[in-house]
Structures are given as structure tokens and as C-alpha cells.
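# Close look at the chain arrangement
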Amino acid sequence: MIRISVVLLTIVLTGAAVVGRALGDARIPVTLPVAEGGGECVMAWSKPGVSFVPLTPGTNPSSYAFPKVSGTVEVDLAYATDPVNLAASIRAALAADGGFSLTDASGHSLQVSDPQVSLPSGESTFLVKTSADPSGTRMSIYVPSTPPSLVPEVSTALLPKLKVGVPATKVNATQDFADALNSAFGPGSASAGAWFATCSGSLSS
């Protein structure tokens, strides 16, 4: 079982001029580029004889960081005072650096990197490389047990600013990722549908 906690995901959005126009429009979403951001995952999955190494170290030995985030966020700021509809209007397509590798003494390996995440679904894909597939295959390694809740807040002092909290959400291993782990490190390493991650974070403009 893998348990991952995303303890930080902060995104600064640009395009203030476009946002300003959106405040005067009714129900017209705007798409903003992600200027910067970051995140971190704390990993709890382990198997005897398998070593975990972060591609970009996090704040503790069992974590790995996402130092760079890019992508776009779509939001309808006409709902600035309506948190429910504001949350429902958010669409984000994000990509990041970072990941981790797993290896054993026999030379078997599995590397997870280059996440791509969609909101509000919380669905994501990663590039997964193994000893048998060194060039890698992009796959969904987990799916949320329920879509993550988005908790948005807009402040309009001077320039509009958007902040979106993503509370902790359980995610379950996909069949493809369980198969990759079992192929790399032996049967029983992972089970499809098993809870192995808890993800949370925040976005801010």
C-alpha cells in the first residue's frame, strides 16, 4: 500500500488584466496561465528490500517534492461571492516535475515522474519507467475515491486574487499501476483498488 500526502501545492496565476475584465462579465470563464507553484508528497508504501529515492527531495526522507508546476486554470470570477458555483466553475490542467524511484538488490526498478493533474476530477497520470520498459509509459497510477472538494475564495482588493483549497482526498491504486509494481517487485506488491494515497493541497493567484 502506498500513502501519499500532498502537503503543499501553491500556484500563482497571472493575467490580471484578463481577470479584471471577467469581473464585469456574467458567467464567462477566463483561462489563466500558471506562473509558479510547487508541492510535496509523503510516501508511506514500503516493501522489504525495496529502496525509495525521491527524484527531488522533500522535507523528510520519505517525501518527494514538485518544485515546478505549469499549466492553466479556468475559473468564472462572476461567481466571486458564490463559493459553491465558483468551485464548480474551476477547471485546471497542471503538469509538474518530480517523482520517485524504487529499486531492489536484484536490479529491478520502477520510476514515477512528470505528473499531469486535472481538476476538479483529481485524476492524474505519471510517466512510469521500469526495468522492462526503460522508455516509460504514461499511465494513471491512482484515482480518487471521490472527487476532491474545492474550497475557493476570491479577494478583490486592488487586483483580483483566487485561492482554492483542496482538502485531503483518498485515492486508490489503478490496475495498471498495481500490475507495474507487481511485475517489478513480485506478486503481492500492490492491489488494484487498494487505498494507497491521501492527497491535499491549495492553489492561489
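First, a word on scope: everything that follows refers to the structure included in this document.

The rules we used
Residues numbered from 1 in each chain as written. Predicted model: local features only at pLDDT ≥ 70, side-chain atom pairs only at ≥ 80, totals over all residues. Heavy atoms only, no water. Pairing = 2+ DSSP bridges. Helix = DSSP H or I, 4+ residues; strand = E, 2+ residues; numbered from the N terminus. Buried < 20%, exposed > 50% of the residue type's maximum accessible area, 1.4 Å probe, protein only. Arc of directions from axis to C-beta. Contact = heavy atoms within 4.5 Å. Phe/Tyr/Trp six-rings, centres within 6.5 Å; stacked < 30°, edge-to-face > 60°. 1 Å grid on protein atoms, 1.4 Å probe; cavity = no way out; pocket = protein on both sides within 12 Å on 5 of 7 lines; lining within 4 Å. Points joined across faces, edges and corners; volume = space filled by probe spheres on them. Nonpolar A, V, L, I, M, F, W, Y, C, P; charged D, E, K, R; others polar.

### Quick look at the pairing of strand S8 (residues 109-119)
Here strand S6 (residues 91-96) runs beside S8; their pairing, made up of four bridges, is antiparallel. Bridge pairing in S8 places Ala92 opposite Leu119. Strand direction decides the pairing type here: strand S7 (residues 99-104) and S8, joined by five bridges, are antiparallel. Bridging from a neighbouring strand, Gly99 pairs with Ser113 of S8. Connecting S7 to the antiparallel partner S8 that follows it, the hairpin turn spans four residues, and Gly107 within it adopts a positive phi of roughly 90°. Two elements, S8 and strand S9 (residues 124-130), share six bridges in a ladder whose sense is antiparallel.

### Examining helix H3 (residues 175-185)
Regarding H3, the residues found buried are Phe177, Ala178, Ala180, Leu181, Ala184 and Phe185. Each buried residue of H3 lies within a common arc of 160° when the element is viewed along its axis, so the set occupies one face. A positive backbone phi angle near 105° is found at Gly186, which sits one or two residues after H3.

### What to know about the environment of Val30
Relative to the assigned elements, Val30 resides in strand S2 (residues 30-43). Put simply, Val30 and Asp76 are 46 residues apart on the chain and 6.3 Å apart in space, counted from C-alpha to C-alpha.

### Quick notes on the pairing of strand S5 (residues 69-75)
Note: S2 against S5, four bridges, orientation antiparallel. Its bridge partner lying in S5, Thr31 is registered against Glu74. Pairing of S5 with S6, which is carried by six bridges, proceeds in the antiparallel orientation. Its bridge partner lying in S6, Ser70 is registered against Ala95.

### Focus: the environment of Gly99
Tracing the sequence through the fold places Gly99 in strand S7. Put simply, Gly99 and Val53 are 46 residues apart on the chain and 9.0 Å apart in space, counted from C-alpha to C-alpha. Once residues lying within four places of it in the same chain are set aside, the contact partners of Gly99 are Pro54, Leu55, Thr56, Tyr64, Ala65, Phe66, Val112 and Ser113.

### Topic: the packing of aromatic side chains
Counting across every chain of the model gives five aromatic pairs. Ring centres 6.1 Å apart and planes at 55° place the aromatic pair Phe126 and Tyr142 in the tilted group. Highlighted residues: Phe126 in strand S9 and Tyr142 in strand S11 (residues 142-144), separated in sequence by 16 residues. For the residue pair Phe126 and Tyr142, the accessibility class agrees, reading buried in each case. Joined through ring pairs, the aromatic side chains of Phe52, Tyr64, Phe66 and Phe100 make up one cluster.

### What to know about the layout of surface pockets
Taken as a whole, the largest pocket holds about 190 Å³ of empty space. If you go around the largest pocket, the residues you meet are His108, Ser109, Val128, Thr130, Ser131, Ala132, Asp133, Thr137, Met139, Ala180, Ser183 and Ala184. Mapped onto the lining of the largest pocket, the elements with two or more residues apiece are S9, strand S10 (137-139) and H3. Of the residues forming the lining of the largest pocket, the biggest block, three residues, is contributed by H3. Per-class residue counts for the lining of the largest pocket are five nonpolar, six polar and one charged.

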